[in-house]
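# Survey of secondary and tertiary structure
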Amino acid sequence: MASAVDERRIRVAPGQARFTGSSGPLTPVWAYDGTVPGPMLRLRQGEPARIIVENGLDEETTVHWHGIRLQNAMDGVPGLTQPPIKPGTSFVYEFTPPDAGTFWYHPHANSLVQLGRGLAGALIVEEAEPIAVDRDLLWLLQDWRLAADAQMAPGFGSAMDAAMSGRIGNIVTINGTVPIDQRVIAGERIRLRLANASLARIMALRFEGHRPVVVAIDGQPCDPHELEDGRVVLAPAMRIDVVIDMQGDPGKRYAVIDDYYDGLAYKLTTLAYDTASPLRTRPLDAPLGLPRNPLPEPDLAEAERQEIVLQGGMMGGGKLAGVGGMMGMATPGMNGGAAWAINGMSMTGDGHAGMAPRFTLKRGTTCHLTMRNETAWWHPMHIHGFSMSVLSRNGSPVPNRTWQDTVLLAPKDTIECAFVADNPGDWMLHCHVADHQMAGLMTVFRVT
Ligand code: C2O
Ligand code: CU
Ligand code: CU
């Protein structure tokens, strides 16, 4: 009888990548199974998986299964949920993904350097009944700061990056290479899973001549909707699934532009239409709504309210003056130390044994969480172990029944979310700009 457990093995080790294609220069990287990004894992909703991770690096690592609502002991935060995986040893991760959708995995040890050197991969949990599309594609987007010789630029964790926008790079790759054309066929319907695995770069993708329909955010289905300004905004760690009907003309080319940063728009890639006549003359007439995942519905009337306030950074008005708490826990080797705080406390690094939870929730209660950004910077705030129903942004209700594990706060934004604390353990809540997390924009809460 076949084993019911889907078992994989992944080795973490130094390797090499060619970001600019097969004739380009080699860049030393750290890789899962020798490739950047790591192997795309496809699991099935509700079916147990076992992933054995072997550490071939000279330093400790862990794997965090970003967005998966799993058991706390499998969450991959060193010190907090598991002992780190020492060089030459392995760790067995076992979990049953409750939700179908687009997720990803990455280390949670020395995160800035390990993620920045290439450790990231996509994790797709398949729906039992997917929507009808002609092709299901994934673009794992990564941003790299390379020196002229194609080596990783030094200076991970500089105080300047830490206190400002983080380590934004100078080349962006799709699935590990600087993208050339993406070949498409007129009339086809594509489900495109976008995942931003960058350290710090926020992206806003505009598909010229096309109208993407958002069907899921952070793996969680939403009400299918077109974007008001046509831009798909992806902060670090976010995933957005869009469905695009390829309504362009055979033989034509359409740019995909990232214009998030004012004055710094660039062409990410091109949708290059085959000359073949259209697959169909009218868009496929099939529903776009994905089946919802089994998320517990928050009970707002009985909710426990919590607030976290993001503070610090350059131009932060000296808010860090009174920071106490865990300053002493700054990771050795980080030249910056603390630059940010949550509610006056800076937890730096990746995770530590004995981190005191910021708040405690009784299992089963609804947490109504307000996140307030007092800083002058953007922060994609990420919660481990849960997806949050996003209620409002600056007082306006958020439409489309949106659930997210990573929520982007613009400067001075206030966002309200809610989730049912049904998953016991100590969980992280942090900014996913890796420099910000390492420099104090992180906290822990407990579900008992
Ligand atoms: Cu993807 Cu704690 O993060
Ligand atoms: Cu996570
Ligand atoms: Cu941040």
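All figures in this text were calculated on a predicted structure; none of them were measured in a lab.

## Section: the overall build of the protein chain
- Scanning the protein chain for helices and strands turns up three helices and 33 strands.
- Compactness check: the protein chain gives a C-alpha radius of gyration of 21 Å against a globular reference of 22 Å for 448 residues, within 12% of the reference.
- Counting only C-alpha atoms and orienting by the principal axes, one finds that the protein chain spans roughly 65 × 60 × 55 Å.
- Per-residue burial over the protein chain gives 57% buried out of 448 residues.
- Of the contacts formed within the protein chain by residues at least 6 apart in sequence, a portion of 76% connects residues at least 24 apart.
- Carbon and sulfur atoms make up 52% of the accessible area of the protein chain, which totals about 17300 Å².

## Let's talk about the layout of surface pockets
- Roughly 800 Å³ of internal volume is contained in the largest pocket.
- Forming the walls of the largest pocket are 25 residues, and the residues nearest its centre are H225, L227, R231, V233 and R393.
- Of all the elements in the fold, those that place two or more residues in the lining of the largest pocket are β14 (213-217), β15 (220-226), β16 (231-234), β27 (388-393) and β30 (406-409).
- If one sorts the elements of the lining of the largest pocket by residue count, β16 sits on top with three residues.
- Tallied by class, the residues present in the lining of the largest pocket amount to 15 nonpolar, four polar and six charged.

## Things to note about the sheet that holds strand β8 (residues 121-126)
- The four strands lie next to each other as β3-β8-β7-β5, forming an open sheet whose pairing is mixed. The open sheet has two edge strands with one neighbour each: β3 (41-44) and β5 (64-66). Each adjacent strand pair in this sheet contributes to an overall mean axis angle of 30°, direction not counted.
- As defined by bridge partners, strand β7 (residues 101-106) adjoins β8 across five bridges and the pair is classed as antiparallel. Bridged to G101 within β8 is V125.

## A look at the coordination of the copper ion (ligand 3)
- Distances from the copper ion (ligand 3) to its protein donors, namely H379 (ND1), C431 (SG) and H436 (ND1), fall within the range 2.0 to 2.1 Å.
- Sequence positions of the donors to the copper ion (ligand 3) reduce to the motif H-x51-C-x4-H. In this pair, H379 sits in strand β26 (residues 379-383) while C431 sits in strand β32 (residues 425-431), placing the two residues 52 residues apart along the sequence.
- According to the relative accessible area criterion, H379 is buried, its value standing at 0%.

## Remarks on empty space enclosed by the protein
- According to the stated counting rule, one finds five cavities of 30 Å³ or more in the structure shown.
- Space inside the largest cavity adds up to approximately 90 Å³.
- Contributing to the lining of the largest cavity are L115, G116, Q142, D143, W144, R145, M152, R167, A197, S198 and L199.
- Listing elements by their share of the lining of the largest cavity, those giving two or more residues are α1 (111-116) and β9 (135-144).
- The biggest single contributor to the lining of the largest cavity is β9, with three residues.

## Overview of the packing of aromatic side chains
- What the rule picks out here adds up to 15 aromatic pairs.
- With a centroid separation of 5.4 Å and 45° between ring planes, the pair formed by W65 and F95 is classed as tilted. Separated by 30 residues along the polypeptide, W65 in strand β5 and F95 in strand β6 (residues 90-95) bring together distant segments of the chain. Summarising the burial analysis for this pair, W65 and F95 share the class buried.
- Seen in terms of ring centroids, F91 and Y93 are 4.6 Å apart; in terms of plane orientation they differ by 55°. Their pairing is tilted.
- Judged by relative accessible area, Y93 falls into the buried class, the value being 0%.
- Feature note: the residues Y32, W65, F91, Y93, F95 and Y105 constitute an aromatic cluster, connected by ring pairs.
- The ring of W30 carries R117 above its face, with NZ or CZ at 5.4 Å from the centroid.
- Here R167 stacks its cationic end above the ring of F156, 3.7 Å away from the centre of that ring.

## Describing the coordination of the copper ion (ligand 2)
- Coordination of the copper ion (ligand 2) by the protein is provided by H64 (NE2) and H382 (NE2), with metal-donor distances spanning 1.8 Å. Here H64, found in strand β5, pairs with H382, found in strand β26; they are 318 residues apart in sequence, far enough to count as distant.
- With a relative accessible area of 1%, H64 lands in the buried category.
- A residue is classified by how much of its surface remains accessible, and H382, at 0% relative accessible area, is buried.

## Quick notes on the confidence of the model for the protein chain
- Confidence in the prediction of the protein chain, expressed as mean pLDDT, is 93, and 94% of residues score 70 or more.
- Within the model, pLDDT remains below 50 along residues 321-336, and this stretch shows 30 contacts once partners closer than five positions in the same chain are excluded.

## Concerning the sheet that holds β6
- Read across the open sheet, the four strands follow the order β2-β1-β4-β6; overall the sheet is mixed. Every interior strand has two partners, whereas the edge strands, β2 (27-32) and β6, have only one. On average, adjacent strands in this sheet sit at an angle of 20° to one another, irrespective of strand direction.
- The pairing of strand β4 (residues 49-55) with β6 spans six bridges and is classified as antiparallel. The residue bridging I51 from the neighbouring strand is Y93, located in β6.

The rules behind each value
Residues numbered from 1 in each chain as written. Chains lettered and ligands numbered in written order. Predicted model: local features only at pLDDT ≥ 70, side-chain atom pairs only at ≥ 80, totals over all residues. Heavy atoms only, no water. Helix = DSSP H or I, 4+ residues; strand = E, 2+ residues; numbered from the N terminus. Rg over C-alpha atoms; globule rule 2.2 N^0.38 Å. Buried < 20%, exposed > 50% of the residue type's maximum accessible area, 1.4 Å probe, protein only. Contact = heavy atoms within 4.5 Å. Areas by Shrake-Rupley, 256 points an atom, 1.4 Å probe, with all protein chains shown as cover. 1 Å grid on protein atoms, 1.4 Å probe; cavity = no way out; pocket = protein on both sides within 12 Å on 5 of 7 lines; lining within 4 Å. Points joined across faces, edges and corners; volume = space filled by probe spheres on them. Nonpolar A, V, L, I, M, F, W, Y, C, P; charged D, E, K, R; others polar. Pairing = 2+ DSSP bridges. Axes fitted to C-alpha atoms, helices over the stretch in contact; angles between N-to-C directions. Donors = N, O, S within 2.8 Å, 3.2 Å for Na, K, Ca; no water. Phe/Tyr/Trp six-rings, centres within 6.5 Å; stacked < 30°, edge-to-face > 60°. Lys NZ or Arg CZ within 6 Å of the ring centre and 35° of its normal. pLDDT = per-residue confidence, 0-100.

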